Amino acid sequence: MSQGEEKEKLHVEEDEKHLLLDHNYDNIHELNHPLPSWWNAIFLVSVIYGTAYFFYYQVFGGPTLKEEFHTEYGRVLAAQTEFKKLNGVFSQSFYDGIVKNDGVKKGEEVYELNCMPCHMENGKGDVGPNLTDKHWIVAKGNPDSIHHVVFHGSEANGMPAWGELIKKDEVYQAVAYVMTFRNTFVKGKEPQGEIVED
Amino acid sequence: MSSPKIPTARSGRVESFSYDDEIVKLFVIATMIWGVIALLLGVTIAFQLADWRVNLGLPWTTFGRLRPLHTNAAIFAFCGNAIFAGVYYSHQRLLRARLFNDVLSRIHFWGWQLIIVSAALTLPFGITTGKEYAELEWPIDIAITLIWVIFAVNFFGTIVRRRERHIYVAIWFYIATIITVAVLHIVNSLEIPVSLFKSYSLYAGVQDALVQWWYGHNAVAFFLTTPFLGLMYYFIPKAANRPVYSYRLSIIHFWSLVFIYIWAGPHHLLYTTLPEWAQTLGMVFSIMLWMPSWGGMINGLMTLRGVWDKVRTEPSLRFMATALTFYGMATFEGPLLSIKSVNAIAHFTDWIPGHVHSGTIGWNYMLIAGIFFYLVPKLWDTELHSKKMAHQQFWLATIGLVLYIISMWVAGVTQSLMWRAMDDAGNLVYPNFIETVVKIVPMYWIRAVGGTMILISFILMMINLYKTAKAGKKLAPVVYESLPLDDSSLEPHASVHRKLEGWPMIFAVLSLIAILVGSGIEIIPSLVADKYVVKVSTVKPYSPLELYGRDIYIKEGCYLCHSQTVRPMAHEVVRYGKASNAAEFVYDHPFQWGSKRTGPDLARIGGKYPNMWHYKHFYDPREVTQGSLMPQYTWLFNSKIDYKTLPKKLSVMKQLGVPYSESEITNAVAMAQAQAKTISDDLAQSGVPVKVAEMDIIALIAYMQRLGVDYGSSQEGEE
């Protein structure tokens, strides 16, 4: 077979013979079916919708993305403030309850998952300070002050605010676990901060 | 063969001519070679995301460097060569004229292959502009421009010498392609060289983002869509022996597609700091684009009316019909993804790579396969080696692609829902980003398996076509005869559009105007309006060391896994910090907003962690974050900072409008060294050897610690 010669005849359906145009390009022919009506309709609707959308939001003062964000974010902030009010303050009785309920063991898991990268195993410290000596930077060695720094963090110095990241129980469990490091004096990061005697 | 309807009254000498099919063969072979390489690279990076060890610990095989190579190979090498093969084959026949100049054709071919080879020799070494799909550095950009011009001359030269008065719809699409790609490439590639292998984009921040995505989106439109629609209009009627369904639809969908497509770029920038009117234009034009895109699918599929039995048995038709179906799917999904509320969920997730591949694999690869199953037997004058093998290829490719699309859809939606989940206390349910990564790793495995199936299918096609060509005969070129063009083909009473088809150069000018309207309206305001970006005084240029670190960030392709823009959404602000402001990016040549969050956003990373954290993280991400899939960057700990390049870098930035003082430029080295010392002293406290002060890693940490600080710590934009 040589190029350009067509083996078969052009296949035209009976109902479209009258639509065949007098065009021929390298033996390609063209019919002239009308545009499908659904195609026309959807195209028209999309143009009307697009125009209306643009004018509503950009010309006639529909809410901007920023405004929508402020509303949404305002709600979140209010919820957060409420939450901090409720949970950001140390409660001795809640702590005791947590300790009784296997708190140290559960705290170890919380610690491994969240604290280990910076405070290392047994609290010997690395990026974060050594938690096993008598020196404290922000906390004071008791559950109350440790809870405060774990919950609220010391973000300017690289300690995340865990109150926003892990559950209320988990914060308390971590505190219980950290308390077991007390005065174990594991060799690791040099002591930092001030000496706090028990 | 000449047209069957040469009027008897015509005079003039009969001309004989033949077609240049050797050049088509060359492009066909190149397509197959680059295609398998592109797919191999794609499968490699897919496995890298499933298991970080596949990065191999070498600089030139890490994800950030191979991913641009994959996209460039797929788009410009594989699809590019296929376009040239198909265009050169059909253009000559549709115009009944040999290609304008055989030498130009050869320069075009070899020049293009050289460009691809130079991409392969630069991208893995981190030589990149850092702009997605436009990563190639300035000398290659110039080469691309030259070769494209040669292609255009060859193409329009052939039109001038045509023996067919009117240009067929395929050629309309080719014209739009050639013109628009030239405009896109030149405007987006404007950059000032720092050295032979490094340049900075002329644009910064929001403006750079706008130009880049106008380019990026329309690369999809005018490199992966319009030329392939043109090819479809030639090869489907040829292979099916059917007349094209609707000439009227061709006209309407061609012009609406070309006019509307160019506006849609900003849908890549929804919820960013791009002015909202531009975002909205991007969205609404994307929605209006739905039917113009489907016009092509309808015209293609309806052309197959009455021959569906052949679609089942003929590999060529089967692939082309499937390609059109995927094209229809992708062009429905595209407008859907452009709707702001859908985009809020899908953007930055794996849904987008899924969407892109229903286009590139489903549409481009399938169409190329269909075309080649028609073309190769014709070119080598033989029959296809094995239909059975082609059908096996078809099923492998289709199932592989479906696995790809579905796994990425599930991964994208799952991860996005986890990112945005918040509890009643206003806290994130999954505050640790890594939880959302680990969750979708199984989907990455499924995608990698799907990709492998596609790769195998392609190899089957290579074997099939190779055996076909090998069985072929080399015949002398067929000689055709035809009268030259004369007045007899004028149609004085034809419609306006029909007349236009007889004036190809005017047609070209009109399509240029069609694409310039949208481009101008969206881009010009960003160039001329003072208030386009309102400056914030706390935002200062990067220090020399930070700028150096930024170049490492670009070189390593960090932007391919990390975004740098916090969208105005409560969950993002809670996770990352204050929403981004356009003023923050005014010194970012190029912008680094990214398009995918495989890792977390880094716009506010500065000060989030101590230096030591980054130091350990870059050495081995898994030491600090269990389950991370970020590659190791151990080589940054051994390569020295090239301080002497700094003055030149700063002075180019100054040329671009970044307010560095003369003394900063002259003292750049000393400033950088001093800053490096502060960081390495800090690290030394944790036992890191002092000599790291000279290493690249310090510059990268310096950059990390600067990101987002200027604006993030200012009162500007506070609630």
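Values in this document were obtained by computation on a predicted structure and should not be read as measured data.

Undergrad: Honestly, the overall build of chain B in this entry has me stumped. Any pointers?
TA: A count of helical and extended segments in chain B gives 28 helices and four strands. Over its C-alpha trace chain B gives a radius of gyration of 27 Å, about what one expects of a compact globule, namely 27 Å for 719 residues. If one aligns the C-alpha atoms of chain B with their principal axes, the spans along those axes are about 95 × 50 × 50 Å. Looking at chain B as a whole, 67% of its 719 residues qualify as buried. Considering only contacts within chain B whose residues lie at least 6 apart along the sequence, 83% involve residues at least 24 apart. Accessible area of chain B: about 24700 Å², with a carbon and sulfur share of 67%. Averaging the positions of the 59 positive and the 50 negative side-chain charges in chain B gives two centres separated by 8 Å.

Undergrad: Explain the overall build of chain A here, please?
TA: Check the secondary structure of chain A and you find seven helices and two strands. Counting from the amino terminus, chain A carries its helices and strands in the arrangement α-α-α-α-α-β-α-α-β. If one aligns the C-alpha atoms of chain A with their principal axes, the spans along those axes are about 100 × 55 × 30 Å. The 198 residues of chain A split such that 41% are buried. Long-range pairs, those at least 24 residues apart, make up 60% of the contacts in chain A with a sequence separation of at least 6. About 11400 Å² of surface is accessible on chain A, with carbon and sulfur atoms providing 57% of the total.

Undergrad: What am I meant to see in the packing of helix 9 (residues 276-288) of chain B against helix 10 (residues 290-303) of chain B here?
TA: When two helices pack together, their arrangement is given by the angle between the helix axes and by the axis-to-axis distance. Residue and element names in this part refer to chain B. Viewed as axis vectors pointing N to C, helix 9 and helix 10 meet at an angle of 30°, and their least axial separation amounts to 4 Å. It follows that helix 9 is roughly parallel to helix 10 by the angle criterion. On the side of helix 9, the interface is formed by S286, I287 and M288, while helix 10 contributes W290, M291 and P292. Grouping the amino acids of the contact of helix 9 with helix 10 by side-chain chemistry returns five nonpolar, one polar and no charged.

Undergrad: Please explain the domain arrangement of chain A as it appears in this structure.
TA: For interface size, the figure often reported is the accessible area lost on association. Annotation of chain A at the domain level lists domain 1 (37-85) and domain 2 (88-195). Its C-alpha centre places domain 1 of chain A at a distance of 44 Å from the equivalent point of domain 2 of chain A.

Undergrad: Would you explain the pairing of strand 2 (residues 191-195) of chain B in this entry?
TA: Within a regular strand, the side chains alternate between the two sheet faces. Residue and element names in this part refer to chain B. Note that strand 2 and strand 3 (residues 198-201) share four bridges and pair antiparallel. Within the sheet, the bridge partner assigned to I192 lies in strand 3 and is Y200. In textbook terms, the turn of a hairpin is the stretch between consecutive antiparallel strands, and for strand 2 and strand 3 this stretch comprises two residues.

Undergrad: Sorry, what's going on with helix 15 (residues 387-420) of chain B here?
TA: Because the α-helix completes a turn every 3.6 residues, residues three or four places apart line up on one side. Relative to the 50 Å expected for 34 residues at 1.5 Å per residue, helix 15 of chain B spans 49 Å between its end C-alpha atoms, a close match to the ideal helical length. Measuring from the backbone nitrogen of B:K388 back to the side-chain oxygen at the start of helix 15 of chain B gives 3.3 Å, which picks out B:S386 as the cap.

Undergrad: Help me understand the confidence of the model for chain B in this model?
TA: Low pLDDT means the predicted atomic positions in that stretch should not be read closely. Residues and elements named next belong to chain B. Looking at chain B as a whole, its pLDDT mean stands at 94, while 98% of the residues score no less than 70. This model gives residues 1-7 a pLDDT under 50, and the stretch forms twelve contacts once residues within four places in sequence are excluded. With a pTM of 0.88, the predicted complex shows an ipTM of 0.91.

Undergrad: How should I be thinking about the packing of aromatic side chains in this particular structure?
TA: Given two aromatic rings, their pairing is described by the distance between the two centres and the angle made by the two planes. Residue and element names in this part refer to chain B. Applying the stated criterion to the full structure yields 71 aromatic pairs over all chains. Residues F254 and W255 carry aromatic rings whose centres are separated by 4.9 Å and whose planes lie at 80° to one another, so their mutual orientation is edge-to-face. Residue classification places W255 among the buried residues on the basis of a relative accessible area of 19%. Where Y327 meets W363, the ring centres are 4.5 Å apart and the plane angle is 35°; that geometry is what we call tilted. Here the residue Y327 occupies a position in helix 12 (residues 315-338), and W363 occupies one in helix 14 (residues 351-379), the gap between them amounting to 36 residues. On the basis of relative accessibility, which here comes to 2%, the residue Y327 falls in the buried class. One residue, R93, lies across the ring of Y89, its end atom 3.7 Å from the ring centre.

Undergrad: Help me understand the domain arrangement of chain B in this model?
TA: Residues and elements named next belong to chain B. Domain assignment breaks chain B into domain 1 (21-460 + 499-522) and domain 2 (544-706). With 64 residues of domain 1 at the contact, the number on the domain 2 side is 53 residues. Between domain 1 and domain 2, a total of about 4800 Å² is buried, with carbon and sulfur atoms accounting for 67% of that surface. In terms of surface lost to domain 2, no three residues of domain 1 exceed W52, Y200 and F348, which account for 17% of the buried area on that side. Summed over the shared surface of domain 1 and domain 2, the result is three salt bridges. Here E556 ties to R65 by a salt bridge, and the two come within 2.9 Å at their closest N and O atoms. Counting every contact that joins domain 1 to domain 2 gives 16 residue pairs in polar contact (both at pLDDT 80 or more). Sorting the residues of the side of domain 1 that touches domain 2 by element identifies helix 2 (63-95), strand 2, strand 3, helix 6 (205-223), helix 13 (340-346), helix 15, helix 16 (433-438) and helix 17 (441-471) as the ones contributing at least two each. A per-element tally of the side of domain 1 that touches domain 2 places helix 6 first, with six residues.

Undergrad: It is not clear to me how a nonpolar patch on the surface should be interpreted in this structure. Could you clarify?
TA: Residues and elements named next belong to chain B. Taken together, the side chains of F259, W503, I506, V509, L510, I513, V517 and I521 define a hydrophobic patch exposed on the protein surface, amounting to about 670 Å² of accessible area. Take I513: it is sitting in helix 19 (residues 504-528). Exposure remark for I513: the relative accessible area of 46% places this residue in the partly exposed category.

Undergrad: Honestly, the nonpolar core in this entry has me stumped. Any pointers?
TA: In a soluble, globular protein the nonpolar side chains are often hidden away together inside. Membership of the largest hydrophobic core comes to 255 residues, with the highest contact counts inside it found for B:W112, B:I175, B:F372 and B:L545. Tallying contributions element by element places helix 2 of chain B first for this core, with 19 residues. Here B:F372 is in contact with B:V28, B:T31, B:M32, B:A82, B:P377 and B:L465, once residues within four sequence places are set aside. A:I98, A:L131, A:A174 and A:V178 belong to the second largest nonpolar core, which has 24 residues in total.

Undergrad: Is there a simple way to explain the interface of chain A and chain B in this structure?
TA: Taken together, the contacts link 64 residues of chain A with 77 residues of chain B. Taken over both partners, the interface formed by chain A and chain B buries close to 6400 Å², and the fraction arising from carbon and sulfur atoms is 60%. The interface formed by chain A and chain B includes five salt bridges. Note that A:E16 is salt-bridged to B:R242, the shortest N-O span being 2.5 Å. Put simply, chain A and chain B have 21 residue pairs in polar contact (both at pLDDT 80 or more) between them. Listed by contribution, the elements that provide at least two residues to the side of chain A that touches chain B are helix 1 (37-59), helix 2 (65-87) and helix 5 (116-119) of chain A. Partitioned by chemical class, the residues of the side of chain A that touches chain B number 31 nonpolar, 18 polar and 15 charged.

Undergrad: Can you walk me through the pattern of salt bridges in this structure?
TA: Oppositely charged side chains can form a pair if their charged atoms are brought close together. Scanning the model with the defined rule gives 35 salt bridges over all chains in all. Notably, a salt bridge pairs A:E16 with B:R305, separated by 2.7 Å at the nearest N-O pair. Of this pair, A:E16 sits in the segment before helix 1 while B:R305 sits in the loop between helix 10 and helix 11 (308-313), on two different chains. Taking the shortest distance from any N to any O, the salt bridge between B:R597 and B:E572 comes out at 2.6 Å. Residue B:R597 is found in the loop between helix 21 (570-576) and helix 22 (611-619), and its partner B:E572 is found in helix 21; the two are separated by 25 residues along the sequence. With relative accessibility at 1%, the residue B:R597 sits in the buried group. Several salt bridges share partner residues, and in doing so they unite A:D15, A:E16, B:R242 and B:R305 into one network.

Undergrad: Which parts of the structure should I look at to understand the side chain of B:R575?
TA: All names here are of chain B. Looking at the secondary structure, you find R575 in helix 21. In this structure, R575 is buried with no salt-bridge partner, the nearest side chain bearing the opposite charge being E435 at 7.2 Å. Of note is the side chain of R575, whose polar atom sits 3.1 Å from the backbone oxygen of W419. For R575, the side chain forms a polar contact with the main-chain oxygen of Y430, separated by 3.1 Å. Look past the residues within four positions of R575 in its chain and what remains in contact with it is M418, W419, L428, Y430, P431, N432 and F433.

Undergrad: Sorry, what's going on with the confidence of the model for chain A here?
TA: Mean pLDDT over chain A: 90, with 95% of residues reaching 70 or higher. Here residues 1-6 of chain A is modelled with pLDDT under 50, and outside its nearest four sequence neighbours on either side it reaches 15 contacts, counting other chains as well.

Conventions we followed
- Residues numbered from 1 in each chain as written.
- Chains lettered and ligands numbered in written order.
- Predicted model: local features only at pLDDT ≥ 70, side-chain atom pairs only at ≥ 80, totals over all residues.
- Heavy atoms only, no water.
- Helix = DSSP H or I, 4+ residues; strand = E, 2+ residues; numbered from the N terminus.
- Rg over C-alpha atoms; globule rule 2.2 N^0.38 Å.
- Buried < 20%, exposed > 50% of the residue type's maximum accessible area, 1.4 Å probe, protein only.
- Contact = heavy atoms within 4.5 Å.
- Areas by Shrake-Rupley, 256 points an atom, 1.4 Å probe, with all protein chains shown as cover.
- Lys, Arg positive; Asp, Glu negative; His and termini not counted.
- Charge placed at Lys NZ, Arg CZ, Asp CG, Glu CD.
- Axes fitted to C-alpha atoms, helices over the stretch in contact; angles between N-to-C directions.
- Parallel < 35°, antiparallel > 145°, perpendicular 65-115°, else oblique.
- Nonpolar A, V, L, I, M, F, W, Y, C, P; charged D, E, K, R; others polar.
- Domains from an automatic or database assignment.
- Pairing = 2+ DSSP bridges.
- Expected span 1.5 Å × (residues − 1).
- Polar contact = N/O pair within 3.5 Å; in protein donor to acceptor, adjacent residues only side chain to side chain.
- pLDDT = per-residue confidence, 0-100.
- Phe/Tyr/Trp six-rings, centres within 6.5 Å; stacked < 30°, edge-to-face > 60°.
- Lys NZ or Arg CZ within 6 Å of the ring centre and 35° of its normal.
- Buried area = accessible area lost by both parts, 1.4 Å probe.
- Salt bridge = Lys/Arg side-chain N within 4 Å of Asp/Glu carboxyl O.
- Patch = residues over 30% accessible without salt bridge, like charges linked within 9 Å, V, L, I, M, F, W, Y side chains within 5 Å.
- Core = buried A, V, L, I, M, F, W, Y, C linked by side-chain atoms within 4.5 Å.

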